[in-house]
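# Understanding the architecture of this molecule
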Amino acid sequence: MLEKIEALKSVINGLSATNKDEVEALRIKYLSKKGEISLLFNDFRNVPNEQKKEIGQKLNELKNLATDKINTLRESVEAGQSEAMAIDLTRPAAPAPLGKRHPISLVRQEIISILSRLGFTIADGPEIEDDWHVFSSLNFAADHPARDMQDTFFIQRSPDVLLRTHTSSVQTRVMTTAKPPIRIICPGRVYRNEAISARAHCFFHQLEGLYIDKNVSFADLKQTLLYFARELFGPETQIRLRPSYFPFTEPSAEMDISCHLCHGKGCGFCKHTGWVEILGCGMVDPNVLEACGIDSKEYTGYAFGLGIERITNLKYRVKDLRMFSENDVRFLDEFEAAH
Ligand code: PHE
């Protein structure tokens, strides 16, 4: 009897199971009414009285050992199963949320890619500028209102340090350092001292184009702008140039495109005119070329400048300019995912 008990003890210590059914089978094999341990208890009757105490103790130990063992096996099998469920390696991964490109970046990129196809390369310049690069070199008269505190953020008066009010300052920087032919686009942030509202902001984004070479004419400008407008707004787009004034271009014009919503028929968006204004342009004033050290008898050039927010509004009809700088994720999520 004692030997049997010892043998069963070591068997029970070595038991293992991989699932609930196996644990249950072990329980039946050892602990049920007809299980091996219960049978030993039945045999207990035949044990001589003087051994009863010792064997009884051992039998109880064996029963407790088996009960504990089977309970721990059950627990570990259950824990193992739920763990396996929690990390099911065959399940497809949860999709990682993709960030979106900002609408201003999307439109800027689209404009850059169109103009790059025409041979324009990107030029960059500082946002913190001086009066000469932003105004004087660009033929602004000393008393021009744009220089006024009302429009310009001055950081310091003397020597003058200010935030650029347009990207035309990059033209100046390139013209004073590079030799023609020059064919550049300058995208960038500009600042104006405006009260912030749905229709105006104290900073926004512009993109300026400049082409200087021998024999550049207004016809070249017009053809470039027509190509640009059709690439951006579709092949049916018409353009219209209206005489205008900028200190740094002569002649100057403002360009309208046929309203891309009503195709020129007239709608609420184009205020029933059939046209919407998209940019300013003109032939670079000879005074500007000379101020930047370029011989205006040998070279001519054209320039154009547009507001990226304005083009973005035309494409996506964002009603409030402030949306562009508030970074509300619900707004940003409306746009295309980053590739
Ligand atoms: N710099 C002008 C502006 O800020 C735009 C412009 C650029 C007009 C180039 C003509 C030529 O309004």
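The rules behind each value
Residues numbered from 1 in each chain as written. Predicted model: local features only at pLDDT ≥ 70, side-chain atom pairs only at ≥ 80, totals over all residues. Heavy atoms only, no water. Helix = DSSP H or I, 4+ residues; strand = E, 2+ residues; numbered from the N terminus. Rg over C-alpha atoms; globule rule 2.2 N^0.38 Å. Buried < 20%, exposed > 50% of the residue type's maximum accessible area, 1.4 Å probe, protein only. Contact = heavy atoms within 4.5 Å. Areas by Shrake-Rupley, 256 points an atom, 1.4 Å probe, with all protein chains shown as cover. Lys, Arg positive; Asp, Glu negative; His and termini not counted. Charge placed at Lys NZ, Arg CZ, Asp CG, Glu CD. Domains from an automatic or database assignment. pLDDT = per-residue confidence, 0-100. Near = heavy atom within 4 Å. Polar contact = N/O pair within 3.5 Å; in protein donor to acceptor, adjacent residues only side chain to side chain. Nonpolar A, V, L, I, M, F, W, Y, C, P; charged D, E, K, R; others polar.

### Quick notes on the overall build of the protein
- For the protein, the count of helices and strands is 12 helices and 10 strands.
- For 339 residues, the compact-globule formula gives about 20 Å, and the C-alpha radius of gyration of the protein, at 41 Å, lies well above that figure.
- Considered along the principal axes of its C-alpha atoms, the protein spans approximately 130 × 55 × 40 Å.
- Buried positions account for 42% of the 339 residues belonging to the protein.
- Considering only residue pairs separated by 6 or more positions, the protein has 67% of its internal contacts joining residues 24 or more positions apart.
- For the protein, the exposed surface amounts to about 19,100 Å²; the carbon and sulfur share of it is 52%.
- Across the protein, 42 positive and 46 negative side-chain charges occur, with their mean positions spaced 7 Å apart.

### Focus: the domain arrangement of the protein
- Under the domain assignment, the protein is made up of domain 1 (2-85) and domain 2 (103-338).
- Between the C-alpha centres of domain 1 and domain 2 the distance comes to 87 Å.

### Some remarks on the side chain of Thr152
- The residue Thr152 is located in the loop between helix H6 (131-134) and strand S3 (154-156) in this model.
- We classify Thr152 as buried; its relative accessible area is 1%.

### Structural notes on the confidence of the model for the protein
- For the protein, the mean per-residue pLDDT works out to 90, and 97% of the residues sit at or above 70.
- Per-element confidence in the protein ranges from a low mean pLDDT of 82 for helix H4 (residues 49-86) to a high of 97 for strand S5 (residues 182-191).

### Looking at the site of the ligand
- In the vicinity of the ligand lie 13 residues, with His166, Ser168, Arg192, Gln206 and Glu208 positioned nearest.
- Note that a nitrogen atom of the ligand is positioned 3.0 Å from one of the side-chain N or O atoms of Ser168.
- One of the side-chain nitrogen or oxygen atoms of Arg192 is found 3.1 Å away from an oxygen atom of the ligand.
- Among the secondary structure elements, those contributing two or more residues to the shell around the ligand are strand S6 (203-213), strand S9 (275-284) and strand S10 (300-307).
- Residue contributions to the shell around the ligand peak at three residues, all from S10.
- Here the shell around the ligand is composed, by residue class, of five nonpolar, six polar and two charged.

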